[in-house]
Amino acid sequence: MSEYYQELDAPHFDYRMQAIEGIAEQTFRGPIPDLSQPYIVCIGGAQTMGRFVHQPFPDQLAEHLGLPCLNLGLGGAGPRYALAPEVLGLLQRARLVVVQMFSGRSASNALFDNSKGGRNYGRCVRTETWISFEDFFASIIARQDRALIERTVQETREDYAFYLKALGEVIDAPTVLLWLSQRAPDYEPDWSRQFG
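Let us look at the structure shown here. Please read all numbers here as calculations on a predicted model, not as lab measurements.

Side note on unusual backbone geometry
Reasoning step 1: Here the amide bond leading from Gly30 into Pro31 is cis, since omega sits at 5°, within 30 degrees of zero.
Reasoning step 2: Considering the arrangement of structural elements, one finds Pro31 in the loop between strand S2 (27-29) and strand S3 (40-44).
Reasoning step 3: One non-glycine residue, Phe52, lies in the positive phi region at around 70°.
Reasoning step 4: Its place among the elements puts Phe52 in the loop between helix H2 (46-49) and helix H3 (57-65).
Reasoning step 5: Its identity as a non-glycine residue notwithstanding, Glu128 has a phi of 60°, on the positive side.
Reasoning step 6: Its relative accessible area of 51% is what places Glu128 among the exposed residues.

In C-alpha cells form, the structure reads like this:
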C-alpha cells in the first residue's frame, strides 16, 4: 500500500521508500536506521507512515528522543501484519515501540478471511475471491440484513482484539498505544452506512 501512496503522491511528496532485509515484497518510509544499533519502532497505518506530511511523527519522535526510528507504517495494516515473524523480530529488538491502533479492515470474520496477510485485502469466503475489506463490507450492507451486519462487525472486532492482545503479549519493549481517529473509542455505531 505504501508504494501505491508514493505513486499517487509523487508530484508533491517523496516518502523515501526503502526495503528492509528479510521483509519481502514491501517497502517502508525511510530512512531505515542501522538496525544493529538501538532504535525505536513506530508501527501502524498510513498515519504512521506519514501520508501527506514531510516529517511524520516517527521522525519527530526520533528527533526529540535522540534515537533513530524505524517507521513500519503501512496503509491498511493490522495486528496480524505486526505478528509476522519478520516484523515481530524488529519490534522485539526495539528500545521503544509505538503501536498506532490498526485498521479494523485488517481483521477476519466468518465471511471474510484475512488470516494470510493482516492487511485490508482478504478472501471472501462465499465466492473464494480476493477483495478489499471495503468492497466486502459494502456487499454485506447491500443485503440490508441488520443482524448479519451486526454479527459480522462483532466477529471482526473479536478477531481484531484477539490479535492485538496477542501482539501486546509478545512485545517486551516499553510500548505506547496510540489512538488516531476522528471519533472516540467508545461510540454508537451507525448500522446504515459503511463508515458510520
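From this point on, the discussion continues.
Remarks on the pairing of strand S8 (residues 129-132)
The side chains of a regular strand alternate, first on one face of the sheet and then on the other.
Reasoning step 1: With 4 bridges joining them, strand S7 (residues 121-124) and S8 adopt antiparallel strand pairing. Bridge pairing in S8 places Arg123 opposite Trp130.
Reasoning step 2: Where S7 folds back on S8, the antiparallel hairpin that results is connected by 4 residues, among which Glu128 adopts a positive phi of roughly 60°.

A closer look at empty space enclosed by the protein
One way to see where empty space is left: roll a probe the size of a water molecule over the atoms.
Reasoning step 1: Within this structure, the stated rule accounts for 1 cavity of 30 Å³ or more.
Reasoning step 2: Here the largest cavity is characterised by a volume of approximately 40 Å³.
Reasoning step 3: Together, Leu111, Cys124, Arg126, Phe136, Ser139, Ile140 and Arg143 line the largest cavity.
Reasoning step 4: It is helix H6 (residues 133-142) that contributes the most residues to the lining of the largest cavity, 3 residues altogether.
Reasoning step 5: Residue classes in the lining of the largest cavity are distributed as 4 nonpolar, 1 polar and 2 charged.

Definitions and cut-offs
- Residues numbered from 1 in each chain as written.
- Predicted model: local features only at pLDDT ≥ 70, side-chain atom pairs only at ≥ 80, totals over all residues.
- Heavy atoms only, no water.
- Helix = DSSP H or I, 4+ residues; strand = E, 2+ residues; numbered from the N terminus.
- Buried < 20%, exposed > 50% of the residue type's maximum accessible area, 1.4 Å probe, protein only.
- Pairing = 2+ DSSP bridges.
- 1 Å grid on protein atoms, 1.4 Å probe; cavity = no way out; pocket = protein on both sides within 12 Å on 5 of 7 lines; lining within 4 Å.
- Points joined across faces, edges and corners; volume = space filled by probe spheres on them.
- Nonpolar A, V, L, I, M, F, W, Y, C, P; charged D, E, K, R; others polar.

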